[in-house]
Amino acid sequence: MTGLNRILRRGRTGDRGAYWFILPYVIFFCAFVAYPLIFSFVLVFHRWNIVTPMEWIGLKNFDRLIGDALFYRSVLNTLTFLIIHIPLQVVVALALALLLNSGVRGRGLFRALYFLPVVVSGVAVTILWQQIYSFDYGILNNILHAAGIPSVPWLVDPRVAMPSIAIMATWKNVGIYIVLFLVGLQNIPRELYEAANLDGAGTFKQFRYVTLPMLNPTVVVIVVLSTIGGFSLFIEPYVLTGGGPMQSTLSGMLYIYNQAFSFGHMGYAATLGFVYALVILGVVVLQRRMIEQDVSS
Amino acid sequence: MDVNSCVRLFLPAALCAAALVAGCNEREGSSPRAPRPVVLTYWPAPNPQEILLADTLVRVWNRLHPEILVEMQPIPVSISTEEVLLAAIAGKTTPDVCSNIWPGALHDYTQSGGLVRLDAFPDFDSVMSLRTPRELLERFRVADGHFYEVPWKTNPLMMFYNRRLFHEAGVLDVPSTYGGYLAAAEKVVTHRYEGGTPDVWMGDRDVRPIWWQRLFDFYPFYIAASGGRTLLAAGQPSFGDSSAAGVFEFFRQCYGRKYFPRTYFQGGDPFLLEKKATHFSGPWEVAAIRKFAPQMDFGVAPVPVPDDHHGPVYTYGDYKDISIFSTTTHPKEAWEFVKFLVTAQHDLLLLRICDQIPVRGDLLENPLFAAYFRENPAMTGFARQAVYTRGMDDAPDLKEIFDAIAQEYESCAVYGRVSARDAIREAVGRTNLIVEWNR
């Protein structure tokens, strides 16, 4: 019995020590996650512009949201962005990952180059693309002009602006997804390719029936990450277009930012934030149902 | 050593160290010393000219008033001064004095109790009456009947034009009406074509739907067309008339006939590069021309008005004023410093260093300023126009209202998707909702 008590006591002492180790994260979590989340939820029922006292308004923020055409527009724009961005992201990342996985020379250099935009500041990248897309002095239009093709209004035509932003976002983020695909590709057992080879499957069939199904979990992760990242679309429209032309690039996050920090509607911005979180959840659940397969089958 | 042992060992040592430091500070505070000077913090606008002006004035002040030291720190750079000041009010980190107060944001500052009431100082009226005409000053009185800002400087929005480009295109008279402007634009734009697009545009504006961009096109044109009205009357939108629709239609013609490009330039200011014939801007542009395009032969005129317009041409004044924040512990000293900033001598410095117009009634009569205007004839037009300027309404929703206008302006004027009347009707409708929501 005495031995058992000693062991239990030592266990409890060890537990107390462990609390000290998790304390920094608990403090961080409380300060930067739990408190803002609870405070945002309180804001949903208030009108507040930071400097004046909060005013309780019940469900008025939701009432406003239901009749707010710009809210629906921002959701639609974000979904448009995702529809262009996600397939583009997956296809480009997979193509480049396959290329890098094929034993091409200078693989490390290419991997570093593709990853470079990921670690560069989003604002810096966006300003760079502003120069590339510029209608009058942009590199792209200069090339088109030299080839005798009329200039494209990359950022000032409502039909072209969002695809232009999607291309830019793909360029910025593709590096991280290449790495994920490379990990997925390197985890596919070689035996599967050997078996397929013995069955007479060519390169395309091996890709279609071995590589793609085996990469499905990676594709799911990439689609989910891209979706969540896509719903956070902010810097690009903020710097490049201000949400225009004709509100065609007004993303959800930009709209929330405008409401909160341009117009001082903290309560309404919090309401928008919570509703967007539900939209993201819905879209991600839907995506997972559509894409996720049982690899073993 | 486990974690508990570490805590047991270091905590008493840390407490001892803290006590020792506190004790040292106490001893230091109790030693007899000469009375410390009052220290004020002053935030000017963060542009190089105003920093230079502020630095010059603060040096003079500190030499003359060693008992009230002023520390100058440019407003932290951000998207806008207003965002910085609101954040500072929320965090109670505002300076004592700031000289970049935009009247459009004053409502938020006063509602939060962030500013000191200036007319509570006994000499406020006498100081103001020496500098600013009463009628103009009254426009800065807020809804509660008091003054919270000293009108400091105004930048009347006017039309700059390139004489050489006009001359080459055969434009003999400076356009003063919409009809005249469009006729001149036709000549300028068709005069030189290169690769299917005009080599020289009549003008351009940033087409992005950013609310404050409309302060430099729609708003001055609306004030001019309406004979000096602003957007709201008794807190309700009052711009649903033919003046506002006329302004939208005018810009719709400018974009529709390709006198203005549907883009924004990034390879430098096209007016300075002599790639456009007109430019709507304030007096700060004069310094920019002097510095970057000294060869340019330019003139300044009031913004165009409807063809049937009568009477003086008003415009947006783009005022920036001086306020004292309520976080100050030395309001009297801060007020003395504010008075120092707006003396005639220092208004002359404002002109000389910043090329911006002080809100004074005697600019063109006072001999003190005569030499400056003789040396800078382009600035005389701004000084004359300063009398015919309007600022912003005292309302909480201005940015959102301008955002609604910017969205409709983009739909109608830039892309021609809706008629001017429908766009204005929509903007007024949205403004009504905004006003109602914010009550």
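What counts, and at which threshold
Residues numbered from 1 in each chain as written. Chains lettered and ligands numbered in written order. Predicted model: local features only at pLDDT ≥ 70, side-chain atom pairs only at ≥ 80, totals over all residues. Heavy atoms only, no water. Domains from an automatic or database assignment. Contact = heavy atoms within 4.5 Å. Buried area = accessible area lost by both parts, 1.4 Å probe. Salt bridge = Lys/Arg side-chain N within 4 Å of Asp/Glu carboxyl O. Polar contact = N/O pair within 3.5 Å; in protein donor to acceptor, adjacent residues only side chain to side chain. Nonpolar A, V, L, I, M, F, W, Y, C, P; charged D, E, K, R; others polar. Patch = residues over 30% accessible without salt bridge, like charges linked within 9 Å, V, L, I, M, F, W, Y side chains within 5 Å. Areas by Shrake-Rupley, 256 points an atom, 1.4 Å probe, with all protein chains shown as cover. Helix = DSSP H or I, 4+ residues; strand = E, 2+ residues; numbered from the N terminus. Pairing = 2+ DSSP bridges. Axes fitted to C-alpha atoms, helices over the stretch in contact; angles between N-to-C directions. Phe/Tyr/Trp six-rings, centres within 6.5 Å; stacked < 30°, edge-to-face > 60°. Buried < 20%, exposed > 50% of the residue type's maximum accessible area, 1.4 Å probe, protein only. Lys NZ or Arg CZ within 6 Å of the ring centre and 35° of its normal.

A short note on the domain arrangement of chain B
Residue and element names in this part refer to chain B.
Phase 1: As assigned here, chain B comprises domain 1 (3–148 + 320–358) and domain 2 (158–315 + 394–437).
Phase 2: Listed by partner, the interface residues are eight residues for domain 1 and ten residues for domain 2.
Phase 3: Carbon and sulfur atoms make up 57% of the surface buried where domain 1 meets domain 2, a total of about 950 Å² over both sides.
Phase 4: Its largest share of buried area at the contact with domain 2, domain 1 owes to Trp102, His107 and Asp355, together 53% of the area lost on that side.
Phase 5: At the surface where domain 1 touches domain 2, the tally comes to one salt bridge.
Phase 6: Between arginine 290 and aspartate 355 there is a salt bridge, with its nearest N and O atoms 3.3 Å apart.
Phase 7: Seen at the junction of domain 1 and domain 2, the total is three residue pairs in polar contact (both at pLDDT 80 or more).
Phase 8: Taken together, the residues that form the side of domain 1 that touches domain 2 break down as four nonpolar, two polar and two charged.

A few points about the domain arrangement of chain A
Residues and elements named next belong to chain A.
Phase 1: Under the domain assignment, chain A is made up of domain 1 (13–61) and domain 2 (62–296).
Phase 2: The C-alpha-based centres of domain 1 and domain 2 are spaced at 31 Å.
Phase 3: Between domain 1 and domain 2, the residue contacts involve 13 residues of the former and twelve residues of the latter.
Phase 4: Considering only the surface of domain 1 that becomes buried against domain 2, Val44, Trp48 and Asn61 emerge as the three largest contributors, covering 48% of it.

Here's the deal with a nonpolar patch on the surface
Phase 1: A surface patch of nonpolar side chains, amounting to about 730 Å² of accessible area, comprises A:Tyr19, A:Trp20, A:Phe21, A:Ile22, A:Leu23, A:Val26 and A:Ile27.
Phase 2: Examined against the element boundaries, A:Ile22 turns out to sit in helix 1 (residues 2–43).

Describing the sheet that holds strand 11 (residues 298–301) of chain B
Residues and elements named next belong to chain B.
Phase 1: One open sheet holds the three strands; their spatial order is 10-5-11, and the pairing between them is antiparallel. Two strands bound the open sheet, and with one partner strand each, they are strand 10 (278–281) and strand 11. Ignoring strand direction, the axes of neighbouring strands in this sheet form an average angle of 25°.
Phase 2: Here strand 5 (residues 158–162) runs beside strand 11; their pairing, made up of four bridges, is antiparallel. When the sheet's bridge partners are listed, tyrosine 161 is paired in strand 11 with glycine 299.
Phase 3: Packed on one face of the sheet, helix 15 (residues 377–385) meets strand 5, strand 10 and strand 11 and runs near 160° to strand 5.

What about the sheet that holds strand 13 (residues 320–324) of chain B?
All names here are of chain B.
Phase 1: Ordered in space as 2-1-3-13-4-14, the six strands form an open sheet in which the pairing is mixed. Unpaired on one side and paired on the other, strand 2 (68–72) and strand 14 (357–358) mark the two borders of the sheet.
Phase 2: With two bridges connecting them, strand 1 (residues 38–43) and strand 3 (residues 97–101) associate as parallel partners. Bridge pairing in strand 3 places tryptophan 43 opposite cysteine 98.

Overview of the interface of chain B and chain A
Note: interface size is frequently given as the accessible area lost on complex formation between the parts.
Phase 1: Every contact between the two is made by 33 residues of chain B and, on the other side, 40 residues of chain A.
Phase 2: Roughly 3,000 Å² of surface becomes buried between chain B and chain A when both sides are summed, with 56% attributable to carbon and sulfur atoms.
Phase 3: The interface formed by chain B and chain A includes one salt bridge.
Phase 4: Close ionic contact of B:Glu400 with A:Arg64 constitutes a salt bridge, the shortest N to O distance being 3.0 Å.
Phase 5: Where chain B meets chain A, there are eight residue pairs in polar contact (both at pLDDT 80 or more).
Phase 6: Where the side of chain B that touches chain A is concerned, the elements lending two or more residues are helix 1 (3–30), helix 3 (81–90), helix 4 (106–111), helix 16 (398–414) and helix 17 (420–438) of chain B.
Phase 7: No other element matches the six residues that helix 16 of chain B contributes to the side of chain B that touches chain A.

Quick notes on the packing of aromatic side chains
Phase 1: Applying the stated criterion across every chain yields a total of 52 aromatic pairs over all chains.
Phase 2: Here the aromatic rings of B:Tyr181 and B:Phe250 are separated by 5.3 Å at their centres, their planes lie at 65°, and the arrangement is edge-to-face. Here B:Phe250 lies in helix 10 (residues 242–256) and B:Tyr181 lies in helix 8 (residues 178–191), a separation of 69 residues in the sequence. In this pair, the class of B:Tyr181 matches that of B:Phe250, namely buried.
Phase 3: Looking at A:Arg47, its charged tip hangs above the ring of B:Trp437, at a distance of 5.2 Å from the centre.
Phase 4: Over the ring of A:Tyr268 we find A:Arg64, and its NZ or CZ is 4.4 Å from the ring centre.

Things to note about the pattern of salt bridges
Residues and elements named next belong to chain B.
Phase 1: Within the structure shown, the criterion is met by 28 salt bridges over all chains.
Phase 2: The salt bridge partner of aspartate 125 is arginine 134, with a shortest N-O separation of 3.6 Å.
Phase 3: Under the relative-accessibility criterion, aspartate 125 is labelled partly exposed at 42%.
Phase 4: When the shortest N-O distance is used, the salt bridge between arginine 163 and aspartate 297 registers 3.0 Å. Of this pair, arginine 163 sits in helix 7 (residues 163–169) while aspartate 297 sits in the loop between helix 11 (284–292) and strand 11; the two residues are 134 residues apart in sequence, bridging distant segments of the chain.

Observations concerning unusual backbone geometry
Phase 1: In this structure, A:Pro245 follows A:Gly244 across a cis peptide bond, with omega equal to -10°.
Phase 2: Along the chain, A:Pro245 falls in the loop between helix 11 (235–240) and helix 12 (252–262).
Phase 3: Notably, A:Gln247 is not glycine yet its phi reads approximately 60°, a positive angle.
Phase 4: Topologically, A:Gln247 is positioned in the loop between helix 11 and helix 12.
Phase 5: Residue classification places A:Gln247 among the buried residues on the basis of a relative accessible area of 16%.
Phase 6: Phi at B:Glu274 is positive, roughly 60°, even though this residue is not glycine.
Phase 7: As for its position among the elements, B:Glu274 is in the loop between helix 10 and strand 10.
Phase 8: According to the relative accessible area criterion, B:Glu274 is buried, its value standing at 12%.

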